[in-house]
Protein chains: 2
Amino acid sequence: MAKNITTRAADYSKWYQDVIKAADLADQAPVRGCMVIKPAGFALWEGIQRDLDRRFKETGHINAYFPLLIPVSFLAKEAKHIEGFAMECAVVTHSGLAKNEKGDDLVVKNELEEPFVVRPTSETVIGHMYAQWVQSWRDLPILINQWANVMRWEMRTRIFLRTSEFLWQEGHTVHETAEEAQEETLRMLDVYKSFSEDFLATPVLAGEKTRRERFPGANHTYTIEAMMQDGKALQNGTSHNLGQNFSKAFNVSFEGRDQKREFAYGTSWGVSTRLIGALIMTHSDDEGLILPPRIAPTLAAIVPIWKNDDERAKVIAHCNRLLAKLCDDAELEAARNHLGQRNLFTVFYDNATSQSITLDLRDAMRPGEKHFHWEQRGVPIRFEIGPRDADSGKLVVKYRTGAEKEILDLGAITRDWFDAKLNGIQNELYERALKYREANTHVAATKDELYKTLETKGGFVRAFLAEDDAFEEKVKADTKATVRLIYQPRDMRAKSGKCIASGKDCEREVVFAVSY
Amino acid sequence: MAKNITTRAADYSKWYQDVIKAADLADQAPVRGCMVIKPAGFALWEGIQRDLDRRFKETGHINAYFPLLIPVSFLAKEAKHIEGFAMECAVVTHSGLAKNEKGDDLVVKNELEEPFVVRPTSETVIGHMYAQWVQSWRDLPILINQWANVMRWEMRTRIFLRTSEFLWQEGHTVHETAEEAQEETLRMLDVYKSFSEDFLATPVLAGEKTRRERFPGANHTYTIEAMMQDGKALQNGTSHNLGQNFSKAFNVSFEGRDQKREFAYGTSWGVSTRLIGALIMTHSDDEGLILPPRIAPTLAAIVPIWKNDDERAKVIAHCNRLLAKLCDDAELEAARNHLGQRNLFTVFYDNATSQSITLDLRDAMRPGEKHFHWEQRGVPIRFEIGPRDADSGKLVVKYRTGAEKEILDLGAITRDWFDAKLNGIQNELYERALKYREANTHVAATKDELYKTLETKGGFVRAFLAEDDAFEEKVKADTKATVRLIYQPRDMRAKSGKCIASGKDCEREVVFAVSY
């Protein structure tokens, strides 16, 4: 058992913090509610960006950059949106600082005529720009994504999951017809689902939000929801059909094929650094972080074991033979000129993704400490090589998922072997998470059953429910659970069932859960 | 002549704006002095990020993310730094908005105890974090880079070159010894130089700044300086040796190998979106943007020419044969499922860089308009294919650099041919810019010569000059020119010369220029 990590059973919330600390992913910033994303954590975000950005481009999107500051007057233009976003945010009121009279401190100067907010999301400023860019149906669709930082002044924060500043991507598109906007909204929901499942090895439910849970200013909000290991839901991403709401507020209109002027149909969709929190809570265990290989910055660590200089020399020679089996000559050569962290010899396994294999040559650490180091950082594969292995041409392979260790001949190690192992681990993590979700998904036919299941079992609870804000409100007040999504027809248990609120037949199945 | 672009001779500044508009690179934001980077412009920044990030990682650096907001008290800790940066910046004083009494407008609420500034640069907040992360010499070096947005409330702005918000990268490293910090400072200067020359095809001088031009808080500032087509200098990037200044201000100290406590030695280095401005002003001509192939998002455009449906069918078939010669089957297949801008059939030539070839199938545009479109966007190669080409199996190749057009057999087109052409264009642009700089670099032996040369010829003026703040100040007041850099010994005309200020022998040669 790791001494620096509280078990999940003892305190799930403390466990989460301990895993982040042990894996060196992030730190508290000197600004309330903000985080510093440390290199090990940021590498996860880079993996997410790389994979998602490719998916965006493959579906015809392009990136752009819009300003950080938004005039306060913009927020007032879309009534529902303002209720949702304008209230708790960072407000810029001055454009300078000056020394005070004594010269020992700084005071604000140059009050602005109109204050700005640091963007909590960019629908308003992007709407303002699109109004200028769109004249004719020929200018449509516009399919733009932005990678950016955003701020919402959150009162209760939790690292990665809810922070005042976070990183995200926000897609903003406008279309000629309502149908195209709806297609786009669902297309991006699909992109998010396959990204979550293929890349993060995180199974998700995908479906629409109820009216109560909709994005402020959207006609329809779709979501992907994952189950954490404590049975709670986590919203991994959302895709919104904005209809003509923002187009009307910002006058994004075009001359149609019929020469008539019409407002464009909009969508927006986003995922954020909270995905890193979801990743941690989906896969990790009481020993620390577990990373799916596709996102792991370090794919494997090689830990040499020696007692004296003679042993050291032959063990390291054997480690280098292993590296030569796995890595390109050019990458090995580049790594030799590499600076980085001293005594961690890091070779790119895949130059395009910067994923690497590290030979841990730190002299001051014992092998046990090194195992511990790589285990807590979630590295999928560890190779252990001692003097007897060097003599016999063997090596020990250990897996972070807990699979049985293997003793192999060096000759058996190839890139194909390694890739197959990584794929196997990726699938194993996905299947494990799916199994967990299935085991913790229940069914309720009545309100009593719903309450009892939420109280005694937790997890996801499926029920038939017609649109009913008051019932959702009541359930939330009583149990903290909310409707996470409405199932898509293909995912429903049956075509219809008795509504848990009214007892009448209805054709809408939802899932309740307490969420992050 | 392009009617929508002022010539360089007529008005260089207007030409610059016209080129940006014609190439659709950026737009004015609704926030004073800020810009919207449109997709065509942002693709250039993505190219810069991709190439530089690889170079950073190859030299052992890793990325992280630090908070946007910096407590005002942090700025007061490093005296010189504050003079340089604390004064004109966006200040956050409140954490929310509320509706006014009438309910028809928004007013600020929740005044903060301590205001924050939107980061103008991050030495202070990163120093604060490093103080917590560094305990022992074993924790060093820390080699972190951040890609981020920053704000400085600029009064006179010019798109890409000087905007209130801009995007950049800022490297921040701390080291055990002064020597290592100096090595790092020069290493990153070299990275910037080779990046500028190899990737942007922009020759640069590299050297140290004089005391007057130093970064606030640095002991030594190094720069790369490019010459624009109007003879002015543009600073393309800087690398600073911070010594122990920030470490002392923020208490970044460590227990050394000798068990004594010491302050770490720091560096910082950055380039920004102003590189896009430099790129435009280095290569473009009176017809619009010219892009070096390594950064061009679209490598080639195929323009089909037809008069009727029969011709259309056979011309497009021939265009598709050309695409099949240049692009992978898988990419062609993916492009067919691609959405993107209607009637622009865009195929990735290189999936890793997202660089593409576009077949322009827009029906509503005449071929002449299409040529114009791609020319003004700086696309390196255009293929023109008409009905007679389709019959004879030929095609016309035109080059954005102005090189003689070619009529080739389709059979002659291969990926190797294409790559060689692109490399040729890259080199041609570099050589052209280098020749321009050489032709506009002059020598001055006296102050009178310096003034006369700056007045009559402009460009770069080389002179020997000992450290002399007052002389630099005077030259700037009289001529607007500043010392751009001190030559490195290997680049000097001679080991010593007569100082242009004092007339005494000195061993320091500098270059004067008016700069952006």
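Residues numbered from 1 in each chain as written. Chains lettered and ligands numbered in written order. Predicted model: local features only at pLDDT ≥ 70, side-chain atom pairs only at ≥ 80, totals over all residues.

Peer 1: Help me understand the overall build of chain A, please; the structure alone is not making it clear to me.
Peer 2: When helices and strands are counted, chain A shows 15 helices and 26 strands. For 516 residues, the compact-globule estimate of 2.2 N^0.38 gives 24 Å, and the C-alpha radius of gyration of chain A, at 26 Å, lies within 12% of that figure. Across the 516 residues of chain A, 51% fall into the buried class. When contacts within chain A are restricted to residue pairs at least 6 apart in sequence, those whose partners lie at least 24 apart make up 66%. (Helix = DSSP H or I, 4+ residues; strand = E, 2+ residues; numbered from the N terminus. Rg over C-alpha atoms; globule rule 2.2 N^0.38 Å. Buried ≥ 20, exposed ≤ 12 C-beta atoms within 10 Å, placed from the backbone. Contact = placed C-beta atoms within 7 Å.)

Peer 1: How do you make sense of the relation of the copies chain A and chain B when you look at a structure like this?
Peer 2: Note on the chain copies: they are related by a rotation about an axis and a translation along it. By a simple turn and slide, chain A fits onto chain B: the slide is 0.0 Å along the axis, the RMSD is 0.0 Å, and the turn is 180°. When the rotation and shift are considered jointly, the pair of chain copies conforms to a two-fold rotation axis. Distance from the rotation axis, computed per C-alpha, reaches its smallest value in chain A at A:Val92: 2.1 Å. In this assembly the copies share their binding face: 100% of the residues contributing to the interface of chain A also contribute to that of chain B. (Least-squares fit on C-alpha atoms with pLDDT ≥ 70 in both.)

Peer 1: What is the right way to look at the packing of helix α2 (residues 39-58) of chain A against helix α8 (residues 274-283) of chain A in this model?
Peer 2: All names here are of chain A. One can describe the packing of α2 onto α8 by two numbers: an axis separation of 10 Å at closest approach and a directional angle of 105°. As judged from the angle between their axes, α2 and α8 are roughly perpendicular. Seen from α2, the contacting residues are Gly 41, Leu 44, Trp 45 and Ile 48; seen from α8, they are Leu 275, Ile 276 and Leu 279. Each residue belonging to the contact of α2 with α8 can be placed in one class, and the counts come to six nonpolar, one polar and no charged. (Axes fitted to C-alpha atoms, helices over the stretch in contact; angles between N-to-C directions. Parallel < 35°, antiparallel > 145°, perpendicular 65-115°, else oblique. Nonpolar A, V, L, I, M, F, W, Y, C, P; charged D, E, K, R; others polar.)

Peer 1: In this structure, what is going on with the interface of chain A and chain B? I would like to understand it.
Peer 2: Interfaces are frequently sized by the accessible area removed from exposure as the parts join. Across the contact, 60 residues belong to chain A and 61 residues belong to chain B. Take the side of chain A that touches chain B: its biggest share by element is seven residues, from strand β5 (residues 91-99) of chain A. Inspection of the sheet shows β5(A) paired to strand β5 (residues 91-99) of chain B by three bridges, in the antiparallel sense. Paired with A:His94 across the two strands is B:Val91, which belongs to β5(B). (Pairing = 2+ DSSP bridges.)

Peer 1: Could you clarify how one ought to interpret the domain arrangement of chain A in this entry?
Peer 2: Each assigned domain of chain A is listed with its residue range as follows: domain 1 (12-283), domain 2 (298-435) and domain 3 (442-513). Centre-to-centre, using C-alpha coordinates, domain 2 of chain A lies 48 Å away from domain 3 of chain A. (Domains from an automatic or database assignment.)

Peer 1: Explanation requested: the pairing of strand β22 (residues 460-464) of chain A in the structure shown.
Peer 2: Every regular strand shows the same layout, with side chains that alternate between the two sheet faces. All names here are of chain A. With five of its five residues buried, β22 lies for the most part within the structure. Because side chains alternate across β22, one face comprises the buried residues Phe 460, Arg 462 and Phe 464, and the other comprises Val 461 and Ala 463, equally buried. Relative to β22, strand β21 (residues 441-443) runs parallel, the two sharing three bridges. Within β22, the position partnered with Thr 441 by the bridge is Phe 460. Handedness of the crossover joining β21 and β22 through helix α14 (residues 447-456) is recorded here as right-handed. Here β22 pairs with strand β26 (residues 509-513) via four bridges, running antiparallel. Within β26, the position partnered with Arg 462 by the bridge is Val 511. (Right-handed = clockwise from strand over helix to strand, strands pointing away.)

Peer 1: What exactly am I supposed to notice about the sheet that holds strand β4 (residues 69-71) of chain B here?
Peer 2: What links the strands of a sheet is backbone hydrogen bonding, and the strands pair in either a parallel or an antiparallel sense. Pairing in this open sheet of six strands is antiparallel, and the strands run β4(A)-β6(A)-β5(A)-β5(B)-β6(B)-β4(B) from one edge to the other. Edge strands, defined here as strands with exactly one partner in the open sheet, are β4 (69-71) of chain A together with β4 of chain B. If you compare each strand with its neighbour and ignore which way they point, the axes differ by 40° on average.

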